[in-house]
Amino acid sequence: MRRRRPEPSTVRVVRLAVPLAAIFAALGLVSCSTAASAARASGKSATPSYAPHVQRFVPTRPQVVADRAAPALRHDAEFVPVSVLATRFGLRFAWTDPDHRRFVLQNRAQRLEFEVDSRECEICGLRVFLGDGVRLEGGVPGLSRTDMDLLVIPILRPGYGGPRLHSVHTIVLDAGHGGRDTGTVNTHLHLMEKTLTLDTVMRIKRLLLAAGYRVVLTRTSDRYVGLAERPEVAERCHADLFISIHFNSVVGGAGAVTGVETFTMTPQGQLSTNQAVDQYVNVFNPGNANNYWNTVLGASLHRAVLGELRTPDRGLKRGRLAVLRLAQCPAALIESGYLSNDTEARRLAQPEYRERIAHAIVAGIKAYAADIEAVRRR
Ligand SMILES: [Zn+2]
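Residues numbered from 1 in each chain as written. Predicted model: local features only at pLDDT ≥ 70, side-chain atom pairs only at ≥ 80, totals over all residues. Heavy atoms only, no water.

A. Spatial organisation of the overall build of the chain. Counting its secondary structure elements, the chain contains ten helices and 16 strands. Classification of the 378 residues of the chain by burial places 58% in the buried group. Excluding contacts between residues fewer than 6 apart, the proportion of contacts in the chain whose partners are at least 24 apart in sequence is 75%. Of the roughly 15000 Å² of accessible surface on the chain, 53% is carried by carbon and sulfur atoms. (Helix = DSSP H or I, 4+ residues; strand = E, 2+ residues; numbered from the N terminus. Buried < 20%, exposed > 50% of the residue type's maximum accessible area, 1.4 Å probe, protein only. Contact = heavy atoms within 4.5 Å. Areas by Shrake-Rupley, 256 points an atom, 1.4 Å probe, with all protein chains shown as cover.)

B. Just the packing of helix 4 (residues 145-156) against helix 7 (residues 291-309), in detail. Two elements in contact, helix 4 and helix 7, have axes separated by 8 Å at closest approach and are oriented at 40°. One finds that helix 4 runs oblique with respect to helix 7. Relative to helix 7, the crossing made by helix 4 is right-handed. On the side of helix 4, the interface is formed by Asp-149, Leu-150, Leu-151, Pro-154 and Ile-155, while helix 7 contributes Asn-291, Tyr-292, Thr-295, Val-296, Ala-299 and Arg-303. Considered class by class, the residues forming the contact of helix 4 with helix 7 number seven nonpolar, two polar and two charged. (Axes fitted to C-alpha atoms, helices over the stretch in contact; angles between N-to-C directions. Parallel < 35°, antiparallel > 145°, perpendicular 65-115°, else oblique. Left-handed = near helix turned anticlockwise from the far one by under 90°. Nonpolar A, V, L, I, M, F, W, Y, C, P; charged D, E, K, R; others polar.)

C. Highlighting the side chain of Arg-203. Within the secondary structure layout, Arg-203 lies in helix 5 (residues 193-210). On the accessibility criterion, Arg-203 (17% relative accessible area) is buried. Those residues in contact with Arg-203, other than ones at most four positions away along the chain, are Pro-351, Arg-354, Glu-355 and Ala-358.

D. Layout of the packing of aromatic side chains. This structure, assessed with the given rule, holds seven aromatic pairs. Ring geometry for Trp-95 versus Phe-103: centroids 5.5 Å apart, planes at 80°, classification edge-to-face. On the accessibility criterion, Trp-95 (24% relative accessible area) is partly exposed. An aromatic cluster of at least three residues, connected via ring pairs, comprises Phe-93, Trp-95, Phe-103 and Phe-114. The lysine or arginine in question, Arg-180, covers the ring of Tyr-224, its NZ or CZ lying 3.8 Å from the ring centre. Lying over the aromatic face of Phe-129, Lys-317 brings its terminal NZ or CZ to 5.3 Å of the ring centre. (Phe/Tyr/Trp six-rings, centres within 6.5 Å; stacked < 30°, edge-to-face > 60°. Lys NZ or Arg CZ within 6 Å of the ring centre and 35° of its normal.)

E. View of the state of the cysteines. Here the structure, examined in full by the defined rule, presents zero disulfides. Cys-329 takes part in no disulfide bond, and the closest cysteine sulfur, belonging to Cys-237, lies 7.9 Å away. Exposure remark for Cys-329: the relative accessible area of 7% places this residue in the buried category. (Disulfide = S-S within 2.5 Å.)

F. Main features of helix 3 (residues 82-89). Regarding helix 3, the residues found buried are Val-82, Leu-85, Ala-86 and Phe-89. Taken around the axis of helix 3, the buried residues stretch over an arc of 100°, which confines them to a single face. Check the buried side of helix 3 and you find it contacts strand 1 (79-81), strand 2 (92-95), strand 3 (102-106), strand 4 (111-115), strand 8 (140-144) and helix 4. Phi for Gly-90, located one or two positions after helix 3, is positive at around 65°. (Arc of directions from axis to C-beta.)

G. Structural context of the pairing of strand 13 (residues 241-248). Among the eight residues of strand 13, eight are classified as buried, and the element is accordingly described as predominantly covered. Here strand 13 shows two buried faces, one formed by Leu-241, Ile-243, Ile-245 and Phe-247 and the other by Phe-242, Ser-244, His-246 and Asn-248. With five bridges joining them, strand 9 (residues 170-175) and strand 13 adopt parallel strand pairing. Each residue of the ladder has a partner; that of Val-172, found in strand 13, is Phe-242. Pairing analysis gives six bridges linking strand 13 to strand 16 (residues 331-338), with the strands arranged parallel. (Pairing = 2+ DSSP bridges.)

H. Highlighting the side chain of Asp-174. When you line up the elements, Asp-174 lands in strand 9. Looking at Asp-174, the relative accessible area reads 1%, which means it is buried.

These figures come from the coordinates and say nothing about function on their own.
This is the structure we're talking about:
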C-alpha cells in the first residue's frame, strides 16, 4: 500500500482544535483504498469505491502526520472508566507523570500504557491506535465502549467475550496489487510491490499447506484483480480467514521510515486511524461482523511479524480499506516493510527475508487459530 505522508515519529504534532478529519478530507489525504470512496462521497466520481490502487499517479501535496494527530474523541460515545478494565483483569492502575496525563494498567504478566486525549497506546508490547482515544470525565480516565470491547480486550485476553467461530480451515491469501496495478515501486532498486507480495504469498501458501490448511489465492500470477473481487474469492470458498499482503511506502523525503504496520477494519461509528471521513463511518459494513476477531487476528499477525523481523512498530491500525470492509470473514492487511527505505527494500528483495516474513505470518495464523479453538472448547 502507498502512504502519502512521511511519519517521522520524532515530530510532535500540534493538537488542533479544528477537526483534522476535515483537513484531511480537504487535502485529499486519505489512504489508498479510501481515496476513491472519499472522492465519491464528495460527489467527484460515480465509480465504485473499490477502484484499484492508483494513488501513485496522484501528485503529492502538503502533508499532515496522521499517526500522532489529535484524537477523534467522540463525546457521545459510551464512556467506560479504565477501573472497569482493571478490576475485570486484575490490573493495577498508576499515573506515570505528575500532571496525570499518562497512566499504566499492569499486573505481573501484562502492561498497558495510555495517555489522556491520545489515540496511541501500548497494549502488551504492541503499539495500538484506539478509535476514540482516552478521555477524562470528572478526573477519571476512560475509554469508549467500542475501544474497550473491540480493541483493548481482544488484545489483552484473546477470546474473552468473543463469539464462537468455526475452526480455521480455509485461508484466503491476497497478494496485493498485480498486473497494471504495480503497487509501490522502488525505481532505482527495480522493485515492485506486486512482485514481492505474490512471492511472499506463495511462500505462506506452501507453509500453510504443509500445516494442513486449505489455501485459496486471490491471484496466482501477475494479473490485475479488482479490490472488490478479492473478498469475493473468500466468500465463494467459505473462507475462515482473509489475509492481504502488502509492502509499504511513504513519499516526500521520508526514506527513513521503516517497520511493520497492520490494518483491520474500522468499527462502525469510529474514524479510521488516518481520520479520513468516508461515507461508511456510520454504516455497518460486511467487515464489521467480525470486529472482535479482526482485532485478535491483526494483533496476532502484527506481534508475530514484529517479533521475527525486529523492525520498528508502525502500529496496529484501523482502516476501511476495501478488502477489509467487504470481507465476510475475519480479515487483516499487513505491510511488512517499506519499499521506500532503501535499506529495508534491499532486505525485502532477499528471498530469505521474505521466507522469514512468511514463517512469521504462519505463526501468527496458528496463534489466532489456537485462540479460536480455546473459545470453542469452553
Ligand atoms: Zn499495497
